[in-house]
Amino acid sequence: MHIGIAGNIGCGKTTLTRMLAEHYGWTPKYEAVTYNPYLEDYYKDIERWSYNLETYFLAQRFQDLLEISKSDKVIIQDRTIMEGVYIFVANNKAMGNLSDRDFDTYMHLFRLMMSMVKQPDLLIYLKSSVPHLVSQIQKRGRDYEKSISIEYLNNLNERYDRWIAEYPGKVLIIDADDLDYEQAAAEPKGVRFDDVPLNYTPPPPRPTPPPLPVLEIPRAYVKRTMELGGDNNIFI
């Protein structure tokens, strides 16, 4: 089974992936952010490095999907291949950071890759406001994220909402603004990961239906049926 965690920069995908993997014994697949050789250059000059960065991410995520498709374990993935295409690449194209030629080449690669793999069995979307994202980005203090603009985050958020609204598979939407699952998990009365969604309250159990009435078959009828060679699978 393949579970994907989706959401904007700073929404808590990596933390939730790690905690769910530890809690349920699932296998985590983390996005290789620190290993992308174009990342720092990208945030310094987005237009120059967009195609390089996105193509590298595409190749890494496709490799992850190939490995997931061959596994019989439950795998939870930090960011999916679809987000790279429908959120980040689409946003870069709209902002003029990708030429038509580069975009067409990228989409051709993506379509070829998706003909060989499938989308996640379940997508968990961490929906976050821009102020919450900014707070989380500042808290983790990654140097290459300091230049991310509020406009950029807002554009990504709008694209996420449109993409999730049209997503054809199974999706669970969680409002992540007021959800501190690390702190909740550390408290005795905190959020339980067995609840889906995390603040879900199960409905009351359905009442037990009354037993079906017992069908009374006259003994004379049974005797007559057996004498005529009728159905012997009649129980009294």
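Residues numbered from 1 in each chain as written. Predicted model: local features only at pLDDT ≥ 70, side-chain atom pairs only at ≥ 80, totals over all residues. Heavy atoms only, no water.

Now for the confidence of the model for the protein. Scored by pLDDT, the protein has a mean of 79; 74% of the residues are at 70 or more. Here residues 188-206 scores under 50 on pLDDT; set against residues more than four positions off or in separate chains, the count is 21 contacts. Low confidence marks residues 212-236, where pLDDT is under 50. Its contacts with residues over four positions away, or in another chain, come to 8 contacts. (pLDDT = per-residue confidence, 0-100. Contact = heavy atoms within 4.5 Å.)

This part takes up the packing of helix α4 (residues 81-94) against helix α5 (residues 100-114). A pair of packed helices is captured by two measures, namely the crossing angle of their axes and the spacing between those axes. Direction vectors running N to C along α4 and α5 enclose 170 degrees, while the axes themselves pass 12 Å from each other. Here α5 runs roughly antiparallel to α4, going by the angle between their axes. Residues Ile 81, Gly 84, Val 85, Tyr 86, Val 89 and Lys 93 of α4 form the contact with α5, whose own contacting residues are Asp 100, Phe 103, Tyr 106, Met 107, Phe 110 and Met 114. Taken together, the residues of the contact of α4 with α5 break down into 9 nonpolar, 1 polar and 2 charged. (Axes fitted to C-alpha atoms, helices over the stretch in contact; angles between N-to-C directions. Helix = DSSP H or I, 4+ residues; strand = E, 2+ residues; numbered from the N terminus. Parallel < 35°, antiparallel > 145°, perpendicular 65-115°, else oblique. Nonpolar A, V, L, I, M, F, W, Y, C, P; charged D, E, K, R; others polar.)

Tallied over the full model, the rule gives 8 aromatic pairs. Taking 6.3 Å as the distance between ring centres and 70 degrees as the angle between the ring planes, the aromatic pair formed by Tyr 38 and Tyr 56 counts as edge-to-face. Of this pair, Tyr 38 sits in the loop between β2 (27-29) and α2 (39-44) while Tyr 56 sits in helix α3 (residues 46-69), and the two are 18 residues apart along the sequence. The class for Tyr 56 is partly exposed, based on a relative accessible area of 23%. Note on Tyr 125 and Tyr 160: the rings are 5.8 Å apart at their centroids and 15 degrees apart in plane angle, and the pair reads as stacked. Here Tyr 125, found in strand β4 (residues 122-127), pairs with Tyr 160, found in helix α7 (residues 150-166); they are 35 residues apart in sequence, far enough to count as distant. (Phe/Tyr/Trp six-rings, centres within 6.5 Å; stacked < 30°, edge-to-face > 60°. Buried < 20%, exposed > 50% of the residue type's maximum accessible area, 1.4 Å probe, protein only.)

With that settled, the discussion passes to the pairing of β4. The pairing of strand β1 (residues 2-6) with β4 spans 4 bridges and is parallel. Paired with Ile 5 across the bridge in β4 is Ile 124. (Pairing = 2+ DSSP bridges.)

Across its 12 residues, helix α1 (residues 13-24) extends 16 Å between first and last C-alpha, which sits within 8% of the 16 Å expected from 1.5 Å per residue. Turning to α1, its buried residues are Lys 13, Leu 16, Thr 17, Met 19, Leu 20 and Ala 21. Downstream of α1 by one or two residues, Gly 25 has phi in the positive range, about 75 degrees. (Expected span 1.5 Å × (residues − 1).)

Next up on the list: a negative patch on the surface. A cluster of acidic side chains, namely Glu 40, Asp 41, Asp 45 and Glu 47, defines a negative patch on the protein surface. Along the chain, Glu 40 falls in helix α2. What makes Glu 40 exposed here is its relative accessible area of 52%. (Patch = residues over 30% accessible without salt bridge, like charges linked within 9 Å, V, L, I, M, F, W, Y side chains within 5 Å. Areas by Shrake-Rupley, 256 points an atom, 1.4 Å probe, with all protein chains shown as cover. Salt bridge = Lys/Arg side-chain N within 4 Å of Asp/Glu carboxyl O. Lys, Arg positive; Asp, Glu negative; His and termini not counted. Charge placed at Lys NZ, Arg CZ, Asp CG, Glu CD.)

It is worth spelling out the nonpolar core at this point. Ile 9, Ile 124, Leu 126 and Trp 163 are the most contacted members of the largest nonpolar core, which totals 50 residues. When neighbours within four sequence positions are excluded, Trp 163 is seen to be in contact with Ala 6, Thr 80, Met 82, Glu 83, Tyr 86, Ile 87 and Leu 123. (Core = buried A, V, L, I, M, F, W, Y, C linked by side-chain atoms within 4.5 Å.)

Our focus in this paragraph is the pattern of salt bridges. As enumerated under the stated definition, the model contains 7 salt bridges in all. For Asp 64, the salt bridge is made with Lys 29, and the minimal N-O distance between the two is 3.8 Å. With Asp 64 in helix α3 and Lys 29 in strand β2, this pair connects stretches of sequence that are 35 residues apart. Accessibility assignment for this pair places Asp 64 and Lys 29 in one class, buried. Among the ionic pairs, Lys 118 bridges to Asp 121, the shortest N-O distance being 3.8 Å.

Another point: α3. In this model α3 runs 33 Å from its N-terminal to its C-terminal C-alpha over 24 residues, within 8% of the 34 Å that 1.5 Å per residue would give. Looking at α3, one finds that the buried residues are Ser 50, Leu 53, Glu 54, Phe 57, Leu 58, Arg 61, Phe 62, Asp 64, Leu 65 and Ile 68. Looking at the packing, one finds that the buried side of α3 touches β1, β2, α2, β3 (75-78), α4 and α5.

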